[in-house]
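Secondary and tertiary structure notes
Below are the chains, spelled out letter by letter.
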Amino acid sequence: MGAEVVIEGLTKSFGRQTIWRDVTLTLPPGEVSVMLGPSGTGKSVFLKSMIGLLKPDRGKCMINGVDIVRCSEHKLYETRKLFGVLFQDGALFGSMNLYDNVAFPLREHTKKSETEIRRIVFEKLEMTGLAGAEKKLPGEISGGMRKRAGLARALVLDPEIILVDEPDSGLDPVRTTYISQLFLDVNAQSDATFLIVTHNINLARTVPDNLGMLFRKELVMFGPREVLLTSEEPVVKQFLNGRMDGPIGMSEEKDSATIAAERAMFEAGHHAGGVEEVTGIPEQMQPAPGMPERMGARRRKDRVMKILHNLPPEAQEGIIDSLTPEEQAHYGVHPRHAAPPRNQTVQTGPVAQRHRGQLPSDQVAQIPDGSWPRTEGSTERLRNPGPGGA
Ligand SMILES: Nc1ncnc2c1ncn2[C@@H]1O[C@H](COP(=O)(O)OP(=O)(O)OP(=O)(O)O)[C@@H](O)[C@H]1O
């Protein structure tokens with residue numbers, strides 16, 4: 001199982017420029033999370049801080065009991081081995097063919113024989129749809145293939161946490177969906193914890209279990225996808241619809257006078273851009289047929305049902321609607337539009353509080369005893385996460 005990442009009060013500045021402050025969130029193990037944010041809000045800086053390439057000024061980033069903000073160089077080196085990182089351009093060595101690029105971390109960080117390396121490299125190339133391309137140089141392949149090669153390389157050390165920086169950059173919408181499918185397939189096969197930073201709305205709406213957003217040097221929110229997708233926060237709504245109408249401006253944010261002047265312009269009929277308003281919670285993408293079930297998604301159901309009463313009503317409704325009738329019966333909930341069965345209480349709380357940041361750590365990915373019935377294999381994996389399991 002992937003590692004849990006607990007971030008508390010993280011703050012990063014460059015000189016006098018604060019990039020973001022007091023970021024608090026938990027990446028639940030084995031789940032897929034996406035961090036959104038307008039350009040320049042510090043998403044890449046956030047990823048780099050998580051792997052210790054940049055040093056935050058304050059706060060904690062705990063991974064398997066190690067605070068990577070304050071730990072020794074040796075601990076940091078060891079903890080970094082838990083990460084696989086896919087950079088925007090794949091970050092491949094231009095003079096090495098794909099085979100050597102993918103083999104590189106194994107040759108650098110392990111004592112594996114060339115036979116074993118060959119087995120692993122071919123396995124990861126196959127997994128990322130690159131079988132047969134091993135002799136190609138990065139300059140001879142498309143941007144999409146370069147990203148998949150970067151992913152193959154990120155996977156060779158069997159990471160517990162996979163960080164992805166703007167997977168859609170330079171890709172058309174269809175290729176972006178294919179690489180999103182690949183992330184979910186890899187997640188199903190590895191149960192690794194994913195964090196993807198992007199401003200791609202399609203990806204954000206359909207891929208992750210959890211969604212967050214950075215804006216104005218703060219984490220606007222982070223939590224189950226249904227919370228952000230049903231949010232009434234102006235900045236979230238504007239971002240999800242890609243419109244000019246709202247607090248996000250040409251260079252990150254607008255002052256109130258500009259917002260008011262633009263509002264008047266849009267009310268007078270000027271097109272605010274974007275398409276018609278997109279609302280609601282689209283169905284989440286699933287692993288391709290033949291892939292194992294996503295254990296992270298299964299654990300998430302238990303986790304989210306435990307915090308359901310703390311979520312805004314629209315998010316509660318979306319979560320309940322996404323369950324099968326059997327799951328709804330198991331958790332003792334039913335859709336708001338259906339009449340409650342007799343003698344059964346509806347678990348929809350009155351809480352409409354702004355859901356900021358943290359999923360309480362005592363509610364993250366704890367599987368209750370006698371929980372939702374599991375298939376044999378999945379029960380086994382949950383009980384015995386195996387070597388390297390969190
Ligand atoms: N090493 C650095 N030294 C000084 N400033 C930096 C450094 N790295 C990033 N920044 C600044 O931090 C801010 C956030 O940059 P970052 O690349 O993280 O934004 P982003 O949200 O990933 O943007 P985009 O979506 O456009 O990639 C920018 O103002 C950038 O200039």
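Predicted model, so just to flag it, every value in this text is computed and none were measured. (Residues numbered from 1 in each chain as written. Predicted model: local features only at pLDDT ≥ 70, side-chain atom pairs only at ≥ 80, totals over all residues.)

1. Examining the sheet that holds strand S10 (residues 218–224)
Taken together, the 6 strands give an open sheet; going across it, the order is S6-S7-S8-S3-S9-S10, and neighbouring strands pair in mixed fashion. The strands lining the two open edges of the sheet, one partner per strand, are strand S6 (83–86) and S10. Adjacent strand axes in the sheet meet at a mean angle of 15°, parallel and antiparallel pairs treated alike. With 4 bridges connecting them, S6 and strand S7 (residues 161–165) associate as parallel partners. Bridge pairing in S7 links Gly-84 to Ile-162. (Pairing = 2+ DSSP bridges. Helix = DSSP H or I, 4+ residues; strand = E, 2+ residues; numbered from the N terminus. Axes fitted to C-alpha atoms, helices over the stretch in contact; angles between N-to-C directions.)

2. A few points about unusual backbone geometry
Here Asp-158, not a glycine, exhibits a phi torsion of approximately 50°, which is positive. Relative to the elements of secondary structure, Asp-158 occurs in the loop between helix H5 (143–155) and S7. Looking at Asp-158, the number of C-beta atoms within 10 Å reads 14, which means it is partly exposed. A positive phi angle is found at Glu-166, which is not glycine, with a value near 45°. Along the chain, the position of Glu-166 falls in the loop between S7 and helix H6 (173–190). (Buried ≥ 20, exposed ≤ 12 C-beta atoms within 10 Å, placed from the backbone.)

3. Observations concerning the nonpolar core
Membership of the largest hydrophobic core comes to 82 residues, with the highest contact counts inside it found for Val-5, Val-102, Leu-163, Phe-183 and Met-213. No fewer than three residues from each of domain 1 (5–221) and domain 2 (231–267) sit in this core. Non-local contacts of Val-102, meaning those with residues more than four positions away in its chain, are made with Val-121, Lys-124, Leu-125, Ala-149, Ala-152, Arg-153 and Val-156. (Core = buried A, V, L, I, M, F, W, Y, C linked by C-beta atoms within 7 Å. Domains from an automatic or database assignment. Contact = placed C-beta atoms within 7 Å.)

4. With respect to the environment of Asp-100
One can find Asp-100 in helix H3 (residues 98–109). Look at Asp-100 and you get partly exposed, because 16 C-beta atoms sit within 10 Å. Each C-alpha atom of the pair Asp-100 and Glu-134 lies 8.2 Å from the other, and the pair is 34 residues apart in sequence.

5. Side note on the site of the ligand
Surrounding the ligand, one finds Phe-14, Ile-19, Gly-37, Ser-39, Gly-40, Thr-41, Gly-42, Lys-43, Ser-44, Val-45 and His-199. No other element matches the 3 residues that helix H1 (residues 43–50) contributes to the shell around the ligand. Tallied by class, the residues present in the shell around the ligand amount to 3 nonpolar, 7 polar and 1 charged. (Near = placed C-beta within 6 Å. Nonpolar A, V, L, I, M, F, W, Y, C, P; charged D, E, K, R; others polar.)

6. What about the domain arrangement of the protein?
Each assigned domain of the protein is listed with its residue range as follows: domain 1 (5–221) and domain 2 (231–267). The gap between the C-alpha centroids of domain 1 and domain 2 is 30 Å. Taken residue by residue, the interface counts 10 residues in domain 1 and 10 residues in domain 2. Among the elements of the structure, strand S9 (210–215) and S10 are those that each provide at least two residues to the side of domain 1 that touches domain 2. Taken together, the residues of the side of domain 1 that touches domain 2 break down into 7 nonpolar, 2 polar and 1 charged.

7. A word on the confidence of the model for the protein
Low pLDDT means the predicted coordinates in that region are not meant to be read closely. For the protein, mean pLDDT is 82; residues scoring 70 or higher make up 84% of the total. Of the two predicted TM-score estimates for the complex, the pTM is 0.82 and the ipTM is 0.96. (pLDDT = per-residue confidence, 0-100.)

8. Some thoughts on the packing of H3 against H5
Relative to each other, H3 and H5 sit at 30°, their axes nearing to 7 Å. Considering the angle they form, H3 stands roughly parallel to H5. H5 is crossed by H3, and the crossing has right-handed handedness. Note on element contacts: H5 touches H3 through Ala-149, Ala-152 and Arg-153, opposite Leu-98, Asn-101, Val-102, Phe-104 and Pro-105. (Parallel < 35°, antiparallel > 145°, perpendicular 65-115°, else oblique. Left-handed = near helix turned anticlockwise from the far one by under 90°.)

9. Considerations on the environment of Cys-61
By secondary structure assignment, the location of Cys-61 is in strand S4 (residues 58–63). Take Cys-61: there are 23 C-beta atoms within 10 Å of it, and that puts it in the buried class. For the pair Cys-61 and Ile-7, spaced 54 residues apart in sequence, the C-alpha separation works out to 4.5 Å. Residues within four places of Cys-61 in sequence aside, it is in contact with Val-5, Ile-7, Leu-10, Ser-49, Met-50, Asp-67, Ile-68 and Val-69.

10. Quick word on helix H11 (residues 295–307)
Between its first and last C-alpha, H11 extends 19 Å over 13 residues, near the 18 Å set by a 1.5 Å rise per residue. Every buried residue of H11 is accounted for by Met-295, Gly-296, Arg-299, Arg-300, Arg-303, Val-304 and Met-305. (Expected span 1.5 Å × (residues − 1).)

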